[in-house]
Amino acid sequence: SMNTVLDDNKTLCLNNGERIKLPNTMSMMFEVNDLAVASPATVSRCGMVYLEPVYLPWESVAKSWAEYVMEERFEGSAEVIMGLLNQITDDSLAFVRKECKEHIVTLDIHLTMSFTKLLDSLLRPEYQVTKENWREMLPKYFVFSYFWTIGGNLQDASNKKFDTFARKAIETIVPDFPFENTIFDWKVDPATGKFIHWSELVPEFKYDRNAPFFNLIVPTVDSTRIKYILRAQVDGGNHVLIGGNSGVGKTVIVQDYLDNAGEGYISQTKSFSAQTSARALQAFFEEKLEKIRKNLLGPPSGKVFLFLIDDLNMPLKETYGAQPPIELLRQIINVKDDRNGGFYDLKKIGLFKKIQKTQFLAANAPPGGGRSEVTPRLLRHFHLVNIPNISDASMKTIFLSITSGFLEIFPADFAALAEPIVDGSLEVYASIQKALLPTPTKSHYTFNLRDLAKVIQGLLMVEPKSIADTQQFLRLWTHEASRVFRDRLIDEGDKAWYDEKILAVLQDKFKETWTVEQIEAICFGDFLASVKPAPYVEVDDYKHADKVLQDFAEDYTLNLNKPMDLVFFKDAIQHIGRIARLLRQPRGNALLVGVGGSGRQSLTRLAAYIAEMKCFQIELARGYGVNEFHEDLKSLLMQAGAENKQTVFLFNDTQIIKESFLEDINNLLNAGEVPDLFAADEMNKIVELVRPLAKAAGKLEIKDIIIQHFVQLVRENLHIVLAFSPVGDAFRNRLRMFPSLVNCCTIDWFTPW
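What you see is a predicted model; the values in this text were computed from it and never measured.

Draft legend 1. Expanded view of the packing of aromatic side chains. Counted according to the given criterion, the structure contains 38 aromatic pairs. A ring pair is formed by Phe285 and Phe360, whose centres lie 5.9 Å apart and whose planes are at 80 degrees; its orientation type is edge-to-face. Here Phe360 lies in strand S12 (residues 358–364) and Phe285 lies in helix H10 (residues 278–288), a separation of 75 residues in the sequence. Ring centres of Phe406 and Phe410 lie 5.2 Å apart, and the angle between their planes is 55 degrees; this geometry places the pair in the tilted category. Residue class for Phe406 comes out buried when judged on its relative accessible area of 5%. An aromatic cluster of at least three residues, connected via ring pairs, comprises Phe115, Phe142, Tyr146, Phe147, Trp148, Phe162, Phe177, Phe184 and Phe195. For Lys270, the ring lying beneath its charged end belongs to Phe284, and the centroid distance is 5.6 Å.

Have a look at this one:
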C-alpha cells in the first residue's frame with residue numbers, strides 16, 4: 001500500500017479493501033540509515049539524497065557547544081576548548097579506528113559528543129571549577145574526559161595501545177601528568193587541581209556478618225572510577241551505557257550507584273530478554289512513572305527518574321531487523337527540553353504521552369550468543385564505558401576480604417586457610433574457563449564471576465560449632481566448588497578433568513593428597529535435622545541419611561496424601577543435598593537438567609517438604625494460557641511477598657505452553673517482579689498487607705518503599721526450581737534467549753542412574 005501512496009495518483013489501499021485518496025499537497029520523506037530492507041519498487045519511486053559524514057564533521061557539534069554553552073559559563077573558554085580539541089581529536093579518532101577495537105562500534109561524532117558532554121559535566125562548581133580558576137583546571141579535566149570517552153569504550157587488549165598513544169598526545173596539554181601505571185589510573189583532585197591515584201579513593205571494606213551475601217560489595221579501583229563517571233554524567237543530565245563481559249559486575253556497580261544516588265533521584269531496573277516486547281516495556285514505564293497530566297508522565301515532584309536497562313542488546317530482531325523495545329526507548333530518549341520524547345497511548349488513538357525528567361543507564365555484554373547489535377541511532381545518546389575483565393589481583397582482594405572477615409570468629413588456625421582457599425578457587429575458575437568451553441551440546445558451559453561468588457557464598461553458610469577442624473573446612477570448600485562447577489558437567493570425561501584439577505589444587509595450595517573417591521563422597525547439607533533453622537553440616541553416614549530421608553518420605557505421604565515411594569541411594573541423597581543447599585540460600589534458584597523420570601521433581605518436592613516450604617506448581621488444563629499463568633503467578637508472589645512465606649516454585653519444561661512464560665520467569669529470577677502483573681487495586685491491597693512488614697524492618701511507610709520491600713521479600717522467600725530436559729534444540733535456545741536461566745540459577749545435571 002505504501003507503493004500506491006508514492007505513485008502519482010497517491011492512493012492509500014488498506015487491507016479491508018478501502019481506498020483513500022491523499023491530497024496533492026502531501027508528500028512523503030524518509031530518513032533511513034540504509035536500504036537493507038527497502039524493495040526496489042519503493043526505492044525507484046523516491047528521489048535519493050545521500051548525506052556523507054564529511055558534511056557534518058565533529059567540529060560542527062563541538063563548536064556549537066563551545067560557543068553557546070561553555071562561552072556563557074566561562075568567558076573566553078570557547079576558543080581555548082576548540083584549540084585543544086583541534087590539537088588532539090583528529091589524530092586520536094584516526095588511531096582508534098585504525099589500531100584499536102571498540103567494545104561497541106561507534107561513529108566519530110558520537111565519541112566527540114560524549115567527550116563534550118563529560119567535559120561539560122565536570123567543568124562545574126561541584127568539581128571546584130570557578131570563573132577564577134577555570135584556565136588552570138580546564139586542561140586537566142580535558143585530558144581526563146579524553147581518556148574516558150575516546151578511550152573509554154575500547155576492548156581490554158586495545159587499552160594498552162591507546163595508553164601509549166595518549167601519553168604522547170597530552171604531553172603539551174598537561175606537561176606535569178604523572179605517567180606511572182596507566183593513564184586510566186589517575187583522576188583530578190578538585191581541591192588541589194593535581195592528579196591523584198584512584199586507589200587513594202577506594203573506600204575500606206568492613207565485613208558485616210549479618211548482611212546478606214549479595215549485599216556485600218567490596219569496593220575496587222574499577223568500581224570506584226565507574227561510579228565517579230556515572231555520577232558526573234547523570235548529574236550533567238546525560239545517559240550512560242556500561243559494557244563488559246558477563247559477570248564483571250556491571251549490574252552490581254550501577255545498582256550500588258543507584259542505591260546511593262541521593263535524594264534527588266529515584267530508580268527502577270528493567271532486565272531485557274529475547275522475548276521482551278515493546279508493549280511490555282511501555283506497560284512497565286506507565287506503571288513506574290507518575291501521571292502528571294493525561295499526556296505527561298514523569299517522576300514525583302522535585303525528583304529525576306533513573307531507569308537501569310539491563311541486557312540492553314537481548315531483544316530479538318524482527319523480520320526487518322528492528323528491535324521494537326529498542327525503538328520505543330529511542331522514541332522516549334530522542335528529544336528533550338520542551339519537546340519531550342514519549343509514546344502513544346495504546347487505547348486512545350493519537351494521544352501522545354510525553355515523558356519528562358527521566359534518564360537512562362544501561363548495561364550489556366558484547367554482541368553474540370543471542371545478543372544482537374543495537375542500532376547506532378539509540379547508542380549515540382549514551383556515553384559508552386567498557387569495564388575491563390576483573391584482574392586476578394582485584395578478584396583476590398574481593399574474595400579474600402569476605403573470607404577473612406567470615407573466618408574471624410573461627411579458631412585462630414582457620415585464618416591461615418583464607419588465602420589458599422581464595423587462590424585455589426581462582427585457579428579452578430581460571431582453568432575451567434579455558435579448558436571447558438561452550439559447544440552446541442554444552443551451551444551452558446559459560447562460567448563467569450557469579451560462579452566464583454557462589455563458591456564463597458557456600459562457605460558462609462556454616463557456623464563455627466558445625467566445623468570440627470581445618471580439614472573439615474577444607475572438605476566444605478571442596479564440596480562447594482564441586483556444587484558450582486562439577487554439577488553442571490554433562491559427561492564422565494569432563495568430570496574426570498575437574499577431579500584431576502581439584503586434586504592438583506589441593507596438593508599445590510594445601511599440601512593435601514586426596515583421592516577422587518574421597519571428593520565424590522563429600523556431602524554437606526541441612527536436610528537431616530528436624531529442628532529449623534537447621535545447621536549446615538557434613539553428611540558422612542549415608543545409611544543414616546537413607547533412614548532419615550525414608551522417614552521424611554513417609555511423613556510426606558501421610559501429611560500430603562501423595563505417594564513418595566523413593567529409594568535413597570547415594571546419588572539421590574546427594575541430589576537432595578544439592579537442592580536443599582539452594583533452598584537455604586536467599587535468592588537460591590536451581591536449574592535441574594535431566595531426562596524425564598530421573599527424579600528432578602520428586603526430589604525437589606521432598607527437599608521443599610524437609611525445609612518446611614510450600615511447593616507450588618501450575619496445573620495445566622484445557623485452555624490454560626497467559627492469563628491463567630499470570631493468575632497463578634499473582635497467588636505465588638502474594639504468598640512469598642505479602643504473606644512472607646518461604647515458597648518453592650517448581651516449573652517443568654512440559655508446562656511451557658508459550659515462550660512468554662519463560663520471559664516472566666526470567667524477570668522473576670532477575671528482578672523479583674513481573675511488570676504490569678498486578679492491577680492498581682491489587683497493588684493497593686499488597687501495600688496494606690506489606691505495610692506492617694516494612695515498618696518492622698525499619699523502613700518508611702511510603703508506597704514506593706513498601707512496594708520495594710514487597711519485591712525484596714519475593715526475591716528472598718521465593719525459590720524457583722526449573723526442571724528441564726536437555727533433549728533437542730529447545731533447551732539450548734532457551735538458555736541463549738533467557739540469560740537469567742544460567743546467571744541466576746545453580747545448574748545440577750542429572751546423569752543416568
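There's more to say after this.
Draft legend 2. Region of interest: the pairing of strand S19 (residues 718–724). The buried fraction of S19 is high, at 7 of 7 residues. The alternating pattern of S19 places Leu718, Ile720, Leu722 and Phe724 and His719, Val721 and Ala723 on opposite faces, both of which are buried. As paired elements, strand S16 (residues 590–593) and S19 share 4 bridges and run parallel to each other. Paired with Ala590 across the bridge in S19 is Val721. When strand S18 (residues 647–652) meets S19, the two strands line up parallel, connected through 6 bridges. What sits directly across from Asn652, in S19, is Ala723.

Draft legend 3. Summary view of the sheet that holds strand S17 (residues 614–616). Taken together, the 5 strands give an open sheet; going across it, the order is S17-S18-S19-S16-S20, and neighbouring strands pair in parallel fashion. Each edge of the open sheet carries a strand with a single partner, namely S17 and strand S20 (746–749). Pairs of neighbouring strands in the sheet enclose a mean axial angle of 20 degrees, with direction left out of account. In this structure, S16 lies alongside S20, joined through 4 bridges in parallel fashion. Paired with Val593 across the bridge in S20 is Trp749.

Draft legend 4. Here's a closer look at the packing of helix H8 (residues 221–235) against helix H9 (residues 250–259). Two elements in contact, H8 and H9, have axes whose closest approach is 10 Å; the angle formed by their N-to-C orientations is 50 degrees. Of the possible angle classes, the one that applies to H8 and H9 is oblique. The interaxial crossing formed by H8 with H9 has right-handed handedness. Across the interface between the two elements, Ser223, Ile226, Lys227, Leu230, Arg231 and Val234 of H8 pack against Ile253, Val254, Asp256 and Tyr257 of H9.

Draft legend 5. Representation of the sheet that holds strand S8 (residues 296–298) within the structure. Strand order in this open sheet of 4 strands is S7-S8-S11-S10, and the pairing throughout is mixed. Strands at the two margins of the open sheet, each flanked by one partner only, are strand S7 (290–293) and strand S10 (342–344). Strand-to-strand twist in this sheet, taken as the mean axis angle between neighbours without regard to direction, amounts to 30 degrees. The sheet contacts of H10 involve S7, S8, S10 and strand S11 (352–355), and relative to S10 the element is tilted by about 115 degrees. The sheet contacts of helix H11 (residues 324–333) involve S10 and S11, and relative to S10 the element is tilted by about 120 degrees.

About the cut-offs
Residues numbered from 1 in each chain as written. Predicted model: local features only at pLDDT ≥ 70, side-chain atom pairs only at ≥ 80, totals over all residues. Heavy atoms only, no water. Phe/Tyr/Trp six-rings, centres within 6.5 Å; stacked < 30°, edge-to-face > 60°. Helix = DSSP H or I, 4+ residues; strand = E, 2+ residues; numbered from the N terminus. Buried < 20%, exposed > 50% of the residue type's maximum accessible area, 1.4 Å probe, protein only. Lys NZ or Arg CZ within 6 Å of the ring centre and 35° of its normal. Pairing = 2+ DSSP bridges. Axes fitted to C-alpha atoms, helices over the stretch in contact; angles between N-to-C directions. Parallel < 35°, antiparallel > 145°, perpendicular 65-115°, else oblique. Left-handed = near helix turned anticlockwise from the far one by under 90°. Contact = heavy atoms within 4.5 Å.

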